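# Chain and residue survey
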Amino acid sequence: MGSIRVAHLCANRYKLETRGHVVLTDAERADTIEIGPTPVELLVMAIVSSAACQAVRYVREHGLAHEELRADAVWSTEGDPPRVRRIELTFTPSIWLTREEYLAMLQSVEAGTVMNTLREPPVIDIAVPARQPARD
């Protein structure tokens, strides 16, 4: 089982920690002083990075050049409640792939853990302690 700890730093800034890694996030700010991506950007980053890992795994396992394979994401938000409405992923391999290889690579991308999680969302349990710890 994995775990992530989120600590509020100040304003809309947070520190996320998992397995010794630290990511700083914040909300978009008008003053352009930002310390990291927004939570929505992290969501899209997780999707595109997972997709890229799956694509690289496919081309590497099939003896194809995988160095410099690039994945790009463009997304839009809308709705009430607000949500990410559309994400367009584009893959640019460093070599020419046949149509069959490209389609097989995309099938591999579709089979990744993050994509499977989006198709079949997890149960999210939210817990709030009944009593807050005493303040010093």
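A few points on the structure. (Residues numbered from 1 in each chain as written. Predicted model: local features only at pLDDT ≥ 70, side-chain atom pairs only at ≥ 80, totals over all residues. Heavy atoms only, no water.)

## A closer look at a nonpolar patch on the surface
On the surface, a cluster of nonpolar side chains totalling about 300 Å² of accessible area is made up of Leu9, Val22, Leu24 and Ile35. Checked against the element boundaries, Ile35 lands in the loop between β3 (21-26) and α1 (39-61). (Patch = residues over 30% accessible without salt bridge, like charges linked within 9 Å, V, L, I, M, F, W, Y side chains within 5 Å. Areas by Shrake-Rupley, 256 points an atom, 1.4 Å probe, with all protein chains shown as cover. Salt bridge = Lys/Arg side-chain N within 4 Å of Asp/Glu carboxyl O. Helix = DSSP H or I, 4+ residues; strand = E, 2+ residues; numbered from the N terminus.)

## A closer look at the side chain of Thr25
Tracing the backbone shows Thr25 in strand β3. The class for Thr25 is buried, based on a relative accessible area of 4%. Setting aside chain neighbours within four positions, we find Thr25 in contact with Asn12, Arg13, Tyr14, Leu16, Ile35, Gly36, Pro37 and Leu42. (Buried < 20%, exposed > 50% of the residue type's maximum accessible area, 1.4 Å probe, protein only. Contact = heavy atoms within 4.5 Å.)

## Looking at the pattern of salt bridges
Evaluated as defined, the whole model comprises 5 salt bridges. The partner of Glu17 in a salt bridge is Lys15, and the shortest N-O contact between them spans 3.8 Å. Owing to a relative accessible area of 28%, Lys15 belongs among the partly exposed residues under this scheme. The salt bridge involving Glu78 is made with Arg85; its shortest N-O contact spans 3.2 Å. Glu78 sits in the partly exposed class, given a relative accessible area of 45%.

## Structural notes on the sheet that holds β3
If you trace the 3 strands from one edge of the open sheet to the other, you get β1-β2-β3, paired in antiparallel fashion. The sheet terminates laterally at β1 (5-10) and β3, the two strands that pair on one side only. The mean inter-strand angle of the sheet, taken between neighbouring strand axes irrespective of direction, is 25 degrees. Relative to β3, strand β2 (residues 13-18) runs antiparallel, the two sharing 6 bridges. Across the sheet, Arg13 pairs through a bridge with Asp26, a residue of β3. (Pairing = 2+ DSSP bridges. Axes fitted to C-alpha atoms, helices over the stretch in contact; angles between N-to-C directions.)

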